[in-house]
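Structure assessment
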Amino acid sequence: MRQALGDVGGEAAGTTATHAALATGEGESKRAAERAAAAAGLVNGMNASLVIGQADFISSASDRTASTLLHPYGKVAVQAGKLFVTDFGNNRVLGFNAIPTSSGAAADFVLGAPDFTTPALGTSATDFLGAQGAAVSAAGKFFLGDNGGGRVLIFNTPPSSYADPANVVVGKSNMTESASQACVATDLNGPEGFTVVGTKLIVADSQHNRVLIWNTIPPSNYAPADVVLGQANMTSCSGISG
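Residues numbered from 1 in each chain as written. Predicted model: local features only at pLDDT ≥ 70, side-chain atom pairs only at ≥ 80, totals over all residues. Heavy atoms only, no water.

1. Focus: the sheet that holds strand S15 (residues 210-214)
Spatially, four strands are ordered S13-S14-S15-S16 in an open sheet, and the strand pairing comes out antiparallel. At either margin of the open sheet sits one strand with a lone partner, and together these are strand S13 (191-197) and strand S16 (227-229). When the angles between neighbouring strand axes are averaged without regard to direction, this sheet yields 20°. Pairing of S13 with strand S14 (residues 200-205), which is carried by six bridges, proceeds in the antiparallel orientation. Residue pairing in the sheet places Phe194 in a bridge with Val203 of S14. (Pairing = 2+ DSSP bridges. Helix = DSSP H or I, 4+ residues; strand = E, 2+ residues; numbered from the N terminus. Axes fitted to C-alpha atoms, helices over the stretch in contact; angles between N-to-C directions.)

2. A word on the nonpolar core
Counting 19 residues, the largest nonpolar core has Phe143, Val170, Leu188, Leu201, Val203, Leu212 and Trp214 as its most contacted members. When residues of this core are traced back to their parent elements, those giving at least two are strand S11 (151-155), strand S12 (168-170), S13, S14 and S15. Within the second largest apolar cluster, 17 residues are counted, among which are Phe109, Phe128, Phe142 and Ala166. (Core = buried A, V, L, I, M, F, W, Y, C linked by side-chain atoms within 4.5 Å. Buried < 20%, exposed > 50% of the residue type's maximum accessible area, 1.4 Å probe, protein only.)

3. What about the pattern of salt bridges?
The final tally for this structure, using the stated rule, is three salt bridges. Close ionic contact of Arg92 with Asp87 constitutes a salt bridge, the shortest N to O distance being 2.7 Å. The residues Arg92 and Asp87 share a single accessibility class, namely buried. The salt bridge involving Asp146 is made with Arg151; its shortest N-O contact spans 2.6 Å. Comparing Asp146 with Arg151 shows no difference in burial state: the two are buried. (Salt bridge = Lys/Arg side-chain N within 4 Å of Asp/Glu carboxyl O.)

4. Quick look at the environment of Val227
One can find Val227 in strand S16. Considering only alpha carbons, one finds Val227 and Ile202, 25 residues apart in sequence, at a separation of 9.4 Å. Those residues in contact with Val227, other than ones at most four positions away along the chain, are Val211, Leu212, Ile213, Asn215 and Met234. (Contact = heavy atoms within 4.5 Å.)

Dropping the structure here:
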């Protein structure tokens with residue numbers, strides 16, 4: 001599996017005009033993104049310049065190394081020139097100290113596993129159960145969606161190694177708890193995507209058939225959401241049956 005450079009999310013402070021166009025900030029309008037792309041010379045339908053996770057554009061192997069991916073899923077993020085790619089199938093995030101300039105580049109560090117080849121699976125402040133999407137806020141916090149863990153992890157500063165633990169967990173009562181998926185304002189069940197807009201955190205709570213909004217970035221574990229979309233209240237999670 002691969003990630004073609006051109007699907008980059010998160011706020012990209014300090015990047016070049018081209019990287020800014022690719023790494024449009026969470027919350028930027030479509031029009032602003034289009035202006036950035038035009039300034040970088042990007043047009044609809046143009047070929048990608050390089051590929052991450054494969055040696056070339058015609059390969060489709062999947063593996064667990066510093067240069068391969070298994071079902072990358074969700075937005076990637078850029079912060080201070082560093083690229084974070086969520087490797088869903090390998091339950092990890094590959095980190096590049098600079099945005100790669102050639103296909104098949106090896107990552108510089110890995111999150112969610114002690115090294116690039118060791119299988120990893122779990123729910124803790126350093127382990128993930130299906131990493132799915134990343135973002136960086138304007139304040140410099142790093143966010144990671146953990147689909148299988150039913151949570152979003154918040155790092156006060158972007159991590160650069162497996163030894164850097166998350167500081168806050170959203171959707172669960174603590175960093176190791178994974179069973180709770182109640183239909184309440186504090187729990188998530190299979191979050192499929194999220195975004196950070198200013199000081200707001202917005203999470204698509206897939207299995208609960210709703211979107212939850214936190215008006216301020218949670219400073220502590222298990223903070224309740226302030227707003228629910230798709231349901232009448234925080235304890236309704238009904239969907240279409242039949």
